[in-house]
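Topology and contacts: notes
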Amino acid sequence: MPNAATSAHPTETPALDAIIIGAGLSGMYQLHCLRDRLGLRAQVLEAADGVGGTWYWNRYPGARCDSESHSYCFQFSDELLKEWEWSERYPQQPEILRYMNFVADKLDLKRDIRFKTRVTGAEYDAARNVWHVSTDDGGRFTATYLITAVGCLSTANVPQIPGLESFAGKAYHTGLWPHEGVDFRGKRVAQIGTGSTGIQAAPVIAETAGHLTVFQRTANYSVPAHNAPLSPERKKELMDRIEETRRVMRSTPNGHPFQIVDRSVFDVSDEERRRIYEKQWEVGGLQFRAAFRDILLDKKANDTAAEFLKDKIRSIVKDPKTAAILADIDHPYAAKRPPIDSHYFETFNRDNVSLVDVRSDPIEAVTPTGIRLKSGAEHAVDIIVFATGFDAMTGSLIKLNIKGRDGLPLAKAWEAGPRNYLGIQVSGFPNMFTLTGPGSPSVLCNMPVPIEQHVEWVTDCIAHMRKNGIARIEAKPEAMDRWVAHVNDAAKATLLPEAHHSWYLGANVPGKPRVFMPYAGGMARFRDICNDVAAKGYEGFELTGAERQAAAE
Ligand code: NA7
């Protein structure tokens, strides 16, 4: 059968079974599952001119994954795993993009992805029980299922600083980086933001910039990544242990290939704890937080890790004033997404790097020649790099301009923060699935793990519907209420909500409701809950058969 939407950008297309928005990891795998496993007519719509999702856009200097390469890939296919070889412990953005193209080509996905096509609206048509989707090039698509695969971190957050439009130099957001790169040689560069991105970018920018000034609002912890090329022996070892790695990734709360050690910070002496932290520091990466089970559960336990890490900053950074500003961290370790780095703190020992504390002296304006602070201090710069993060988790969904039953906009349904069931479905939006949506573990995990779980659950759900003549699935409002309460309780059982300015809470975007968005109850537990819901005949969802639907219309 000819594919519904490969003909050159028609204004009307024949009905599809599914429209998938986004060609990152989740959209690609969802296409493969629906098309190649269930035999459905599925179409991916993608704004970029290539696959990759967040890895297509985030091409900033130093962009690298914080998950170890052997775990940051699809696990569903042995063939894909065996044919691909990672070169480093943590993969760099170009290598990840190559991997994603390898998968897309291997599974022959690109013929069903319409690139350079941005979705501008989606509306549920109750009479026909279909979704109508419109795109920026005048395209109109109709499908039974609407699946959003837009990622959690894809809507750039550029702060509305007065005077920005008057800046005579160049300004870039890290998440919308020019493909041709940016030449920093001899330039005075301002970097605003010290989250995971800023911490990766600063050391690389500093290598070529004339001068780099880092504007820090919230000081941050970071643990060295100890990135290195993978030796042939290590590659072999990783391949030999593939089954074990998979088992660990499926059983841990955050989908990483390491276990959290089952001991309390207070089970060991101060001296022993220090030795353990030193060892974890040498191991490097996100594994640092796995040293004890209570680091993210008990403030006193967390303080021991926090103090260790602040001491490290003070011992690395030579200028005591700069060290004090960097170590003046106001939240528990890992309550915000914990960055990992390659020589971040060491970068402040370079002659061409300086730090400005914009917590005590906030940015007031961008001028034609640079950045002015509240105190009146001016920093003349040629380039501004906004490493200021994203309108995370909900931003990209709301931007799609989705309207459910009776024209209800998703933006309205989520006015007070995201409300859904299992992170996947919103009452009033039948047959719409939001992959790794708010309320699912997503960003608290090594992303390919929650992506595979959500995609497979949706695939099984759609297969069940088709087998049993179910025309419509929709989360029940009361199931949604219970889930939102459970997501809140899971967050409250941890220290995560204590980072008041975190993007997990939506606090980085002015006016965004403060709701803890990801599910903190752990990936393994979430998987069990989702499986249980399915086993109980999709408990908490309203399933409507084709006949009942016809009778009601
Ligand atoms: P983050 O983690 O949201 O970090 C953004 C940084 O930018 C953070 O330091 C912010 O300070 C700072 N920021 C944001 N707006 C401003 C303004 N107006 N003035 C000064 N500083 C500002 O984004 P990342 O891109 O680093 O990381 C996102 C995720 O991508 C990461 O966690 C990984 O999962 C991958 P704040 O902390 O808000 O005071």
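So, here is what we can say about the structure in this document.

What counts and how
- Numbers given for residues are sequential positions, taken from 1 along each chain in its written order.
- Whole-chain, interface and lining totals are the exception, using all residues; otherwise, since this is a predicted model, local features are given only for residues with pLDDT of at least 70 and side-chain atom pairs are given and counted only at 80 or more.
- Side-chain numbers come from the whole structure's heavy atoms, not from hydrogens or water.
- A run of H or I in DSSP becomes a helix once it reaches four residues, and a run of E becomes a strand once it reaches two; helices and strands are each numbered from the N terminus.
- C-alpha atoms define the radius of gyration in this analysis, and the globule rule sets the expected value at 2.2 Å times the number of residues to the power 0.38.
- Accessible surface is estimated by sampling points in the Shrake-Rupley manner with a 1.4 Å probe; for residues, cover comes only from the protein chains shown.
- In summary, the charge assignment counts Lys and Arg as positive and Asp and Glu as negative, without counting His or the chain termini.
- We put the charge of a Lys on NZ, of an Arg on CZ, of an Asp on CG and of a Glu on CD.
- Each Phe, Tyr or Trp ring (for Trp, its six-membered ring) is paired with any other whose centre lies within 6.5 Å, and the angle between the two planes then decides the class: stacked below 30 degrees, edge-to-face above 60, tilted in between.
- Exposure is judged per residue with a 1.4 Å probe applied to protein chains only, and the accessible area is read against the type maximum: over 50% gives exposed, under 20% gives buried, and values in between give partly exposed.
- The criterion for a charge sitting over a ring is simple: Lys NZ or Arg CZ within 6 Å of the ring centre, and within 35 degrees of the ring normal.
- Contacts are assigned to residue pairs with any non-hydrogen atoms lying within 4.5 Å of each other.
- Strand pairing is assigned whenever DSSP identifies at least 2 bridges connecting the two strands.
- What a helix is expected to span follows from its residue count: subtract one and scale by 1.5 Å.
- Summary of the distance rule: residues count as near a molecule or strand when at least one heavy atom falls within 4 Å of that molecule or strand.
- Any pair of N or O atoms that falls within 3.5 Å is considered a polar contact. Within protein, one atom must be able to donate a hydrogen and the other to accept it, and sequence-neighbouring residues count only if both atoms are side-chain atoms.
- Following the grouping adopted for this structure description, the nonpolar residues are Ala, Val, Leu, Ile, Met, Phe, Trp, Tyr, Cys and Pro, the charged ones are Asp, Glu, Lys and Arg, and the polar ones are all others, Gly among them.

Across its full length, the protein chain holds 17 helices and 20 strands. Since a compact globule built from 553 residues should have a radius of gyration of about 24 Å, the 24 Å found for the protein chain is in line with a globular shape. As displayed, the protein chain has an accessible area near 22,400 Å², and 51% of this comes from carbon and sulfur atoms. Averaging the coordinates of the 65 positive side-chain charges in the protein chain and doing the same for the 69 negative ones gives two points 1 Å apart.

All chains considered together, the criterion is met by 30 aromatic pairs. Taken together, a centroid distance of 5.6 Å and an interplanar angle of 75 degrees make the contact between Trp84 and Trp86 edge-to-face. Grouping residues by exposure puts Trp84 and Trp86 together as buried. With 5.6 Å between their ring centres and 85 degrees between their planes, Phe288 and Tyr333 make a pair best called edge-to-face. Here Phe288 is found in the loop between α8 (270-283) and α9 (299-316), whereas its partner Tyr333 is found in the loop between α10 (320-326) and β11 (340-341), with 45 residues between them in sequence. The pair formed by Phe288 and Tyr333 is uniform in burial state, with each residue classed as buried. Cluster of aromatic residues (ring-pair linked, three or more members): Tyr221, Tyr277, Trp281, Phe288, Phe292, Phe308 and Tyr333. The residue whose ring lies beneath Arg59 is Tyr56, and the NZ or CZ to ring-centre distance is 4.7 Å. Geometry around Phe292 places Arg263 over its ring, the cationic atom sitting 4.8 Å from the centre.

Take the environment of Leu109 next. For Leu109, the position within the fold is in the loop between α4 (93-106) and β3 (113-114). The exposure class assigned to Leu109 is buried, which follows from its relative accessible area of 0%. In contact with Leu109, other than residues within four places in its own chain, are Met28, Leu31, His32, Arg35, Val103 and Ala104.

To continue, consider the pairing of strand β13 (residues 363-367). Two faces make up the sheet, and in a regular strand the side chains alternate between them. Note that β13 and strand β14 (residues 370-373) share four bridges and pair antiparallel. Within β14, the position partnered with Val366 by the bridge is Ile371. Turn length for the β13-β14 hairpin, with the two strands adjacent in sequence and antiparallel, is two residues.

Let us look at helix α14 (residues 448-467). The first and last C-alpha atoms of α14 sit 28 Å apart over 20 residues, in line with the 28 Å expected at 1.5 Å per residue. With 14 of 20 residues buried, α14 lies mostly within the body of the structure. One or two steps after α14, the chain reaches Gly469, where phi turns positive at roughly 65 degrees.

Here we come to the site of the ligand. Near the ligand lie 17 residues; those nearest to it are Thr197, Arg217, Thr218, Lys336 and Arg337. At 2.6 Å, a side-chain N or O of Lys336 approaches an oxygen atom of the ligand. Contact between the ligand and Arg337: an oxygen atom at 3.2 Å from a side-chain N or O atom of the residue. Grouping the constituent residues of the shell around the ligand by class yields six nonpolar, eight polar and three charged.

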